[in-house]
Amino acid sequence: MDSIPIDGFTVEPTEEKKTLRLEITRLFDDSPVSLPTGLISNGEDTKVCIISGQHGNEWNGIYSSQKFFKNVPHEAVKGTLIVIPIVNPLAFNEKSRVSSVDSIDLNRTYLNHSYRKPAEQIGTKLFAELFGEMDYIIDIHGGGPGEYSPHVAVTDENLIEKASDLLLPDVYLGSSSSGSLASACAKENIPLFTVEAGKRRHIDRAYTDKIIKGLENFLKGVDMLDGKPQEGKPVVHSNKDKVTSPASGFFTPQVDLGDRIEKGDKIGELEKLFGEEKIIRTSVSGKILYLRSEKVVSKGENLIHVTW
Ligand SMILES: [Zn+2]
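Starting afresh in each chain, residues are numbered from 1 along the sequence in its written order. Note on the predicted model: pLDDT of at least 70 is required for a residue's local features to be given, and 80 or more for side-chain atom pairs to be given and counted; whole-chain, interface and lining totals, by contrast, use all residues. No hydrogens and no water enter the side-chain calculation; it runs on all heavy atoms of the structure.

Draft legend 1. Fine view of the coordination of the zinc ion. The protein atoms that coordinate the zinc ion are His55 (ND1), Glu58 (OE), Glu58 (OE) and His141 (ND1), at distances of 2.1 to 2.5 Å. Given 4 donor atoms and angles of 56 to 154° at the metal, the environment of the zinc ion is assigned as irregular. The rule for donors is simple: an N, O or S atom within 2.8 Å of the metal counts, and for Na, K and Ca the reach is 3.2 Å. Water is not among the atoms, so a site may look short of donors. By the criteria applied here, four donors are tetrahedral when all angles lie between 85 and 135 degrees, four are square planar and six octahedral when opposite donors are over 155 degrees apart and every other angle lies between 65 and 115, and any other arrangement is irregular.

Draft legend 2. Representation of a nonpolar patch on the surface within the structure. Taken together, the side chains of Phe250, Leu273, Phe274 and Val296 present a nonpolar region at the surface, about 510 Å² in accessible area. Think of it this way: any DSSP run of H or I at least four residues long counts as a helix, any run of E at least two long counts as a strand, and we number them from the N terminus. You can see valine 296 is positioned in strand 17 (residues 296-297). The patch calculation keeps residues exceeding 30% relative accessible area without a salt bridge and links them within 9 Å when they carry like charges or within 5 Å when they are nonpolar (Val, Leu, Ile, Met, Phe, Trp, Tyr). Every accessible area reported is derived by Shrake-Rupley at a probe size of 1.4 Å, with residue values counting cover from the shown protein chains alone. By convention in these notes, a salt bridge is any Lys or Arg side-chain nitrogen within 4 Å of a carboxyl oxygen on Asp or Glu.

Draft legend 3. The nonpolar core, seen in detail. Counting 33 residues, the largest nonpolar core has Ile50, Leu81, Ile138, Val154, Phe193 and Leu219 as the members making the most contacts within it. Counting residues per element, this core draws most heavily on helix 6 (residues 205-221), at 6 residues. What makes a nonpolar core is a set of buried Ala, Val, Leu, Ile, Met, Phe, Trp, Tyr and Cys residues whose side-chain atoms join them at distances within 4.5 Å. With a 1.4 Å probe rolled over the protein chains alone, any residue whose accessible area is under 20% of its type maximum counts as buried; one over 50% counts as exposed, and the rest are partly exposed.

Draft legend 4. Quick peek at the side chain of threonine 25. Summarising the element assignment, threonine 25 is placed in strand 2 (residues 18-26). Given the relative accessible area of 12%, threonine 25 is considered buried. Of the polar contacts made by the side chain of threonine 25, one reaches the side chain of glutamine 121; its length is 2.5 Å. In contact with threonine 25, other than residues within four places in its own chain, are Ser31, Pro32, Val33, Pro118, Gln121 and Ile122. What qualifies as a polar contact is a pair of N or O atoms within 3.5 Å, subject to a donor-acceptor requirement within protein and to the restriction that residues adjacent in sequence count only when both atoms come from side chains. What makes two residues a contact is simply this: any of their non-hydrogen atoms within 4.5 Å.

Draft legend 5. Focus on the packing of aromatic side chains. Between rings of Phe, Tyr and Trp, where Trp is taken as its six-membered ring, a pair exists when centres lie within 6.5 Å; planes separated by under 30 degrees are stacked, by over 60 edge-to-face, and by other angles tilted. Counted by the stated rule, this structure contains 6 aromatic pairs. Each ring, one from tyrosine 110 and one from phenylalanine 127, has its centre 6.2 Å from the other, and the planes form 55°; the classification is tilted. Note that tyrosine 110 is positioned in the loop between helix 2 (89-93) and helix 3 (118-129) and phenylalanine 127 in helix 3, a separation of 17 residues in sequence. The burial state of tyrosine 110 is the same as that of phenylalanine 127; both residues are buried.

Draft legend 6. Quick look at the layout of surface pockets. A pocket, in this scheme, is an open set of points on a 1 Å grid over the protein atoms alone with protein on both sides within 12 Å along at least 5 of 7 lines, while a cavity is a set where a 1.4 Å probe fits but cannot get out; residues line either one if an atom lies within 4 Å of a point. Grid points are joined across faces, edges and corners, and a volume is the space filled by probe spheres set on the points. In this structure, the largest pocket occupies an estimated 820 Å³ of space. What lines the largest pocket is a set of 35 residues, among which Arg108, Tyr148, Glu196, Lys242 and His305 lie closest to the centre. Broken down by secondary-structure element, the contributors of at least two residues to the lining of the largest pocket are strand 6 (136-141), strand 7 (146-154), helix 5 (181-187), strand 9 (192-198), strand 11 (240-244), strand 16 (286-292) and strand 18 (302-307). Considering every element that reaches the lining of the largest pocket, the biggest residue donor is strand 7, with 4 residues. In this classification, Asp, Glu, Lys and Arg are treated as charged, Ala, Val, Leu, Ile, Met, Phe, Trp, Tyr, Cys and Pro as nonpolar, and every other residue, Gly included, as polar. Residue composition of the lining of the largest pocket, by class: 9 nonpolar, 16 polar and 10 charged. Looking at which domains feed residues into the lining of the largest pocket, each of domain 1 (2-236) and domain 2 (239-307) gives three or more. As annotated, the domain borders come from an automatic or database domain assignment.

Draft legend 7. Looking closely at the pairing of strand 12 (residues 249-253). Paired strands are those between which DSSP finds at least two bridges. Relative to strand 17, strand 12 runs antiparallel, the two sharing 2 bridges. Looking across to strand 17, one finds that glycine 249 is bridged to valine 297. In this sheet, strand 14 (residues 266-271) lies alongside strand 12 in antiparallel orientation, the contact comprising 4 bridges. When the bridges of strand 14 are listed, phenylalanine 250 appears paired with glutamate 271.

Following this line, the structure appears as C-alpha cells:
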C-alpha cells in the first residue's frame, strides 16, 4: 500500500480502486501515524469524503465505511470518493473513544487552533488539507455508553433534503459542540452529515446494512452513482432534551430505544450505592433517540436523549 504525506496528496484519476496510507503526523518518538484510505476518482467534479473512527470504539461506522468501499464498483463511480474508515488510529488501536497517548477527543479539535497533541494535529491537518476541498462529508459514529437509534444529524435546515437520501428513519437538526467537525464544517459552509447508529464496541449488522444502503443512495443523489435515489422519508426533529442522572448509582431503564414517551413518563430507576431508589421521569415528550445501556452511571451522565 502506498504511503503519501497528506500535504502532498492530490486526487488523480484512478484506474482501479486504490488503497493507500495518508501520513498525517508523528508521535513523540517520531513514529509515523497514517490513515488507511480508499480512493476512487474518474476526475469529474463532485467530491465526497466518508469518514469514521473519530472515536476508536465506534465500530458500526468503521465497519460500514470500509465495507461500502469494498462493495462499490470502481467503474460505477463518477467524481471522487475518498473513504477513511479510521481517522483516529491511536484510539482505534486501544479500542477506546480517545487514545491514552493524548486523551484528546479528535471530534473537539477542529478549528480550535491548538496543535500540540497527536489528535489535534490529525484534526487540524485533515481539515486544512482534505475536508475543505470536499463537496460533501459523511462522518459515521457508533454510540457511546448507550445506543443510538440510527439517524443523521445536520446543523443547517438546507441539508435536510440530502440527509434524507441516507435513508435513516430520523434526522436531527441542531447545533453541535464547539470543536466538533460538524461545528467547523458549519462555519466553513462544508455540507456535513453526521450519522449515528448503535452502541460502542459493537458491530450490529442490522445497522451497518442500513448505513451502507444509505451511502449508496446518497451517492446516487449527488449523481456519483447511476440510478434514481430512493426517496427517504425521515421524521425531522429540531429539539433535543438530554435526561441526565440526578445522582451516581445503578440505572435500570424501563423504556426502549425508539419509544415515543410523554412528559412525566417514567423512564427508569436509579439505585444509589447503599441508598434509596429514585424514579427517573422525562420532562418532555418525544422519541428516545439515545438510551443508556451501561448500568453504572455517575451524576450528570446522559440516560436518554429525547427528540421532537
Ligand atoms: Zn462518536
